[in-house]
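# Residue-level structural notes
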Amino acid sequence: MQTKLADFIKNSPQGQEADAILRSCVHCGFCLATCPTYQILGDELDSPRGRIYLMKQMLEGQPVTQKTQLHLDRCLTCRACETTCPSGVRYGALIDIGRAMVEQQVKRDTQSEVLRFTLRKVLPNAWVFNTLFKAGQLVRPFLPQSLKRKIPPKLSSAKAWPESRHARKMLVLEGCVQPSLAPNINAATARVLDHLGISLMKAENAGCCGAVAFHLNAQQDGLDYMRRNIDAWWPWVEQGEVDAIVVTASGCGVTVKEYGHFLQHDPVYAGKAAKVSALAKDIGEIVHAELDKIEQLLAQQRVDAGKTKLSFHSPCTLQHGMQIRGVVEKILHSAGFDLTAVPNAHLCCGSAGTYSILQPELSQQLLKNKVTALESGKPDQIATANIGCLMHLQTGTTLSVKHWIELLDERLSDSRPAKSFHFD
């Protein structure tokens, strides 16, 4: 693709990055076949190729309108197009640049501004979110059904977090909404790793990964959350005391793995961010590396394990953002689960961070399609790898939806008296 960027952007780091990405696109159209919004709407401007043309025009100095903003807003940032693209176009990075520019040039209406401001101030703040979430649970019985199904009933507290007792240690990203919505996920992770001779540590002051604010175009706020996490983790990282930074929500994982990219021009944090990104691992990567030990622990469970039919939803951030495919499925298969086939497994469920709130009609259509696909194999249960997908899917099905690490934790607990591994 030939480009001629406008003077106001062409010499900036963002302009140079955008120019390189635009030039890598050969406008072949392969991305149209895997774009969820294009499949639903049939408008090329709601496809990656169409949005790339809109951003190219903007970067070349042509007028930017609410129409441009609308089509960029409709993008899920699922990055399925990156998996499909034969030219390696870094579409996710380009749309981050494009959305930030549109936000500067096109004013939103008051209602939209208030909603976006509220989301980026409430969701990343664990204390505020938890307070509001508990209040919502109190009044849940009195709400209409349409609202009730969006607020989970009161959950039992997470099971015990093992004491730190192993020489191998890893840090965990606590996250922002997950500790309130599903407090057992990180605790289950700690227990699974404890079986493998690894202690999972929490870092005080670490919290939201920064994705919520960043993708709502408050990008400086998002970068500040990233810096806060780096500061919280750095004493362990600098001393080489941890083998990895474990992320149990794939939506956060794809962001932490890209801290090095987001902060590459920050003279204070660039080096630290690159180191943190190198250490960041999805929990699936950690467990997969220890799969032979998992299989030994579960060996005595093999006779009964195959009774549970499980449908696995691989989040877009896992399979497209981090390019991790088939790993969790292999772990679940080794744990004895009978995995059902999922048609169009590459397509988004419609959660996509705050997308389900900001684009409810498209989100609900994607949810309906995804639930139909997941239930087509008549599973007993649904598993996933991201808290946003988990909560979104649960609103569309009567089947139980859990994080896969919780299911593995249950299997390991059931497998006793098998012994944990200790290498200290």
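A short tour of the structure in this document, coming up. (Residues numbered from 1 in each chain as written. Predicted model: local features only at pLDDT ≥ 70, side-chain atom pairs only at ≥ 80, totals over all residues. Heavy atoms only, no water.)

### So, the overall build of the chain
- In terms of regular secondary structure, the chain is built from 26 helices and 8 strands.
- Taken over C-alpha atoms, the radius of gyration comes to 22 Å for the chain, in line with the 22 Å a tight globule of 424 residues would show.
- Counting only C-alpha atoms, the chain reaches 70 × 50 × 45 Å along its principal axes.
- Partitioning the contacts of the chain with sequence separation of at least 6, the portion at a separation of at least 24 is 74%.
- Of the side chains in the chain, 47 bear a positive and 41 a negative charge, and the two mean positions are spaced by 4 Å. (Helix = DSSP H or I, 4+ residues; strand = E, 2+ residues; numbered from the N terminus. Rg over C-alpha atoms; globule rule 2.2 N^0.38 Å. Contact = heavy atoms within 4.5 Å. Lys, Arg positive; Asp, Glu negative; His and termini not counted. Charge placed at Lys NZ, Arg CZ, Asp CG, Glu CD.)

### A short note on the environment of Pro-179
- Along the polypeptide, Pro-179 turns up in helix 11 (residues 178-181).
- For the pair Pro-179 and Ala-126, spaced 53 residues apart in sequence, the C-alpha to C-alpha distance is 8.0 Å.

### Observations regarding the pairing of strand 7 (residues 381-384)
- On strand 7, burial covers both faces: Gln-381 and Ala-383 on one face and Ile-382 and Thr-384 on the other are all buried.
- Bridge analysis of strand 5 (residues 309-312) against strand 7 gives 3 bridges, and the strand direction is parallel. Its bridge partner lying in strand 7, Leu-310 is registered against Gln-381.
- Alignment of strand 7 against strand 8 (residues 401-403), held across 3 bridges, turns out to be parallel. For Ile-382, the partnering residue across the bridge sits in strand 8 and is Val-401.
- Regarding the hand of the β-α-β motif, the stretch spanning strand 7, helix 25 (residues 387-394) and strand 8 is right-handed. (Buried < 20%, exposed > 50% of the residue type's maximum accessible area, 1.4 Å probe, protein only. Pairing = 2+ DSSP bridges. Right-handed = clockwise from strand over helix to strand, strands pointing away.)

### Concerning the pattern of salt bridges
- Within the structure shown, the criterion is met by 22 salt bridges.
- Put simply, Arg-90 and Glu-17 hold a salt bridge, and the shortest N to O gap is 2.8 Å. Of the two residues, Arg-90 is situated in the loop between helix 6 (80-84) and helix 7 (91-105) and Glu-17 in helix 2 (residues 13-24); the sequence distance between them amounts to 73 residues.
- For Arg-90, a relative accessible area of 36% gives the class partly exposed.
- Since its relative accessible area comes to 16%, Glu-17 is described here as buried.
- One salt bridge connects Glu-410 with Lys-402, and the closest N-O pair in it is separated by 2.6 Å.
- When its relative accessible area of 29% is taken as the criterion, Glu-410 is described as partly exposed.
- Overall, Lys-402 belongs to the partly exposed group, its relative accessible area being 24%.
- One network of salt bridges, in which partners are shared, links Asp-73, Glu-103, Arg-108 and Arg-116. (Salt bridge = Lys/Arg side-chain N within 4 Å of Asp/Glu carboxyl O.)

### A closer look at unusual backbone geometry
- Its identity as a non-glycine residue notwithstanding, His-27 has a phi of 40°, on the positive side.
- Mapped onto the elements of the fold, His-27 is located in the loop between helix 2 and helix 3 (36-41).
- By relative accessible area, which is 39% here, His-27 ends up partly exposed.
- Of note, the phi angle at Asn-344 is positive, near 50°, even though the residue is not glycine.

### Side note on the sheet that holds strand 5
- Ordered by their spatial adjacency, 4 strands build an open sheet running 6-5-7-8, and the pairing between neighbours is parallel. Of all the strands in the sheet, just strand 6 (338-339) and strand 8 have a single pairing partner and so form its edges.
- Contacts between helix 25 and the sheet are confined to strand 7 and strand 8, with strand 8 contributing the most and set at about 170° to the helix. (Axes fitted to C-alpha atoms, helices over the stretch in contact; angles between N-to-C directions.)

### Quick notes on the state of the cysteines
- Counted according to the given criterion, the structure contains 0 disulfides.
- In this structure Cys-81 is not part of a disulfide, and its nearest cysteine sulfur, from Cys-31, lies 6.2 Å away.
- Residue class for Cys-81 comes out buried when judged on its relative accessible area of 7%.
- We note that Cys-209 lacks a disulfide partner, and the nearest cysteine sulfur, in Cys-252, lies 3.8 Å from it.
- The exposure class of Cys-209 is buried, given its relative accessible area of 3%. (Disulfide = S-S within 2.5 Å.)

### Here's the deal with the layout of surface pockets
- Counted as a void, the second largest pocket has a volume near 610 Å³.
- If you trace the second largest pocket, you find 24 residues lining it, with Gln-14, Ile-97, Phe-214, Gln-219 and Gln-220 closest to the centre.
- Within the residue set of the lining of the second largest pocket, elements represented by two or more residues are helix 1 (7-10), helix 2, helix 7, helix 14 (219-238) and helix 16 (259-262).
- Residue contributions to the lining of the second largest pocket peak at 7 residues, all from helix 7.
- For the lining of the second largest pocket, the residue count by class is 11 nonpolar, 9 polar and 4 charged. (1 Å grid on protein atoms, 1.4 Å probe; cavity = no way out; pocket = protein on both sides within 12 Å on 5 of 7 lines; lining within 4 Å. Points joined across faces, edges and corners; volume = space filled by probe spheres on them. Nonpolar A, V, L, I, M, F, W, Y, C, P; charged D, E, K, R; others polar.)

### A word on the packing of helix 19 (residues 291-298) against helix 26 (residues 404-414)
- The N-to-C vectors of helix 19 and helix 26 enclose an angle of 45°; their axes lie 9 Å apart at closest approach. By the angle between their axes, helix 19 is oblique relative to helix 26. Within the contact between the two elements, helix 19 uses Ile-294, Leu-297 and Leu-298 and helix 26 uses Leu-408, Arg-411 and Leu-412.
- When grouped by side-chain class, the residues that make up the contact of helix 19 with helix 26 number 5 nonpolar, no polar and 1 charged. (Parallel < 35°, antiparallel > 145°, perpendicular 65-115°, else oblique.)

### A short note on the nonpolar core
- By size, the foremost hydrophobic cluster in this structure holds 97 residues, and its most contacted members are Trp-233, Trp-404 and Leu-408.
- At 8 residues, helix 14 tops the list of elements feeding residues into this core.
- Residue contacts for Trp-404: discarding those within four places in its chain leaves Ile-283, Gly-284, Val-287, Phe-312, Val-328, Ile-331, Leu-332, Ala-383, Thr-384 and Ala-385.
- Core analysis: the next-biggest nonpolar cluster, separate from the first, contains 27 residues, Cys-31, Met-55, Val-64 and Met-101 among them. (Core = buried A, V, L, I, M, F, W, Y, C linked by side-chain atoms within 4.5 Å.)

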